[in-house]
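Chain residues, written in single-letter form:
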Amino acid sequence: MTAAIQGYHAHVYFDATTLEQARALCEEAARRFAVTMGRVHQRPVGPHPDWSCQLSFRPEVFADVVPWLALNRNGLVIFLHPVTGHDRADHRDHALWMGAVRPLDLSVLPEEPVQYDFQ
C-alpha cells in the first residue's frame, strides 16, 4: 500500500558564502507560491549535514514550485522529499536531489509514523 503524500519539504542547503543567495531564493519562493518558509538554520539541523532552510508546500503546487526551484537554485543543493508521515522512508527512499547528494543522518528520524499539519 502506498502512503498518501500530504505535502513536500524542500531543504535548501547553503554555507556562509551562499547564505544570502539561499535566503533570497527561499523568500522569493514563499512570495511567488503557496510555500511556507522555515527558519534559516546556520548550523546542521536534524538529519541535514549542512546549513539549511525548509520550504513546505502542498502537492497541488508541486508542478509550479519544483521546476522554479530547479531553474533558480543557481548551484545551491536542494533536497526534496514527500511528507507521508513516515519520516525515515521519506528521507531515505522517496527523496529527490537537485545538485550533489549529501549524506543524511537518518538515525535521528523516527521509524514510527508522525503527524504533520499542512494547511
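Preceding block: the structure.
Quick caveat: nothing in here was measured; it's all calculated off a predicted structure.

S.K.: Is there a simple way to think about the overall build of the protein in this case?
M.R.: Along its length, the protein carries three helices and five strands. Each helix and strand of the protein, ordered N terminal to C terminal, gives the series β-α-β-β-α-β-α-β. Taken along the three principal axes of its C-alpha coordinates, the protein extends 40 × 30 × 20 Å. As presented, the protein carries roughly 6700 Å² of accessible surface, and 51% of it is formed by carbon and sulfur atoms. The averaged location of the 14 negative side-chain charges in the protein is 4 Å from the averaged location of its 10 positive side-chain charges.

S.K.: What should I look at first to understand the packing of aromatic side chains in this one?
M.R.: Think of a pair of aromatic rings as described by two things: how far the centres are apart, and how the planes are tilted against each other in angle. Overall, the coordinates contain six aromatic pairs when judged by the stated rule. Measuring from ring centre to ring centre gives 5.8 Å for Tyr8 and Phe57, while their planes differ by 20°; the resulting arrangement is stacked. Here Tyr8, found in strand β1 (residues 7–14), pairs with Phe57, found in strand β3 (residues 51–57); they are 49 residues apart in sequence, far enough to count as distant. What makes Tyr8 buried here is its relative accessible area of 13%. Taking the centre distance of 6.0 Å and the plane angle of 65° together, the rings of Tyr13 and Trp97 count as edge-to-face. Placement of Tyr13 in strand β1 and of Trp97 in strand β5 (residues 96–98) is noted, with a sequence separation of 84 residues between them. Of the residues examined, Tyr13 reaches a relative accessible area of 4% and is grouped as buried. Residue Trp97 is classed as partly exposed on the basis of its relative accessible area of 24%.

S.K.: In this structure, what is going on with the pattern of salt bridges? I would like to understand it.
M.R.: It is possible for side chains bearing opposite charge to pair when their charged atoms get close. The final tally for this structure, using the stated rule, is seven salt bridges. Among the ionic pairs, Arg23 bridges to Glu20, the shortest N-O distance being 3.5 Å. Taken together, the residues span about one helical turn, with Arg23 and Glu20 both in helix α1 (residues 19–32) at a distance of three residues. On the basis of relative accessibility, which here comes to 52%, the residue Glu20 falls in the exposed class. If you follow the salt bridges from partner to partner, you end up with Glu28, Arg31 and Arg32 in one network.

So, how was this worked out
- Residues numbered from 1 in each chain as written.
- Predicted model: local features only at pLDDT ≥ 70, side-chain atom pairs only at ≥ 80, totals over all residues.
- Heavy atoms only, no water.
- Helix = DSSP H or I, 4+ residues; strand = E, 2+ residues; numbered from the N terminus.
- Areas by Shrake-Rupley, 256 points an atom, 1.4 Å probe, with all protein chains shown as cover.
- Lys, Arg positive; Asp, Glu negative; His and termini not counted.
- Charge placed at Lys NZ, Arg CZ, Asp CG, Glu CD.
- Phe/Tyr/Trp six-rings, centres within 6.5 Å; stacked < 30°, edge-to-face > 60°.
- Buried < 20%, exposed > 50% of the residue type's maximum accessible area, 1.4 Å probe, protein only.
- Salt bridge = Lys/Arg side-chain N within 4 Å of Asp/Glu carboxyl O.

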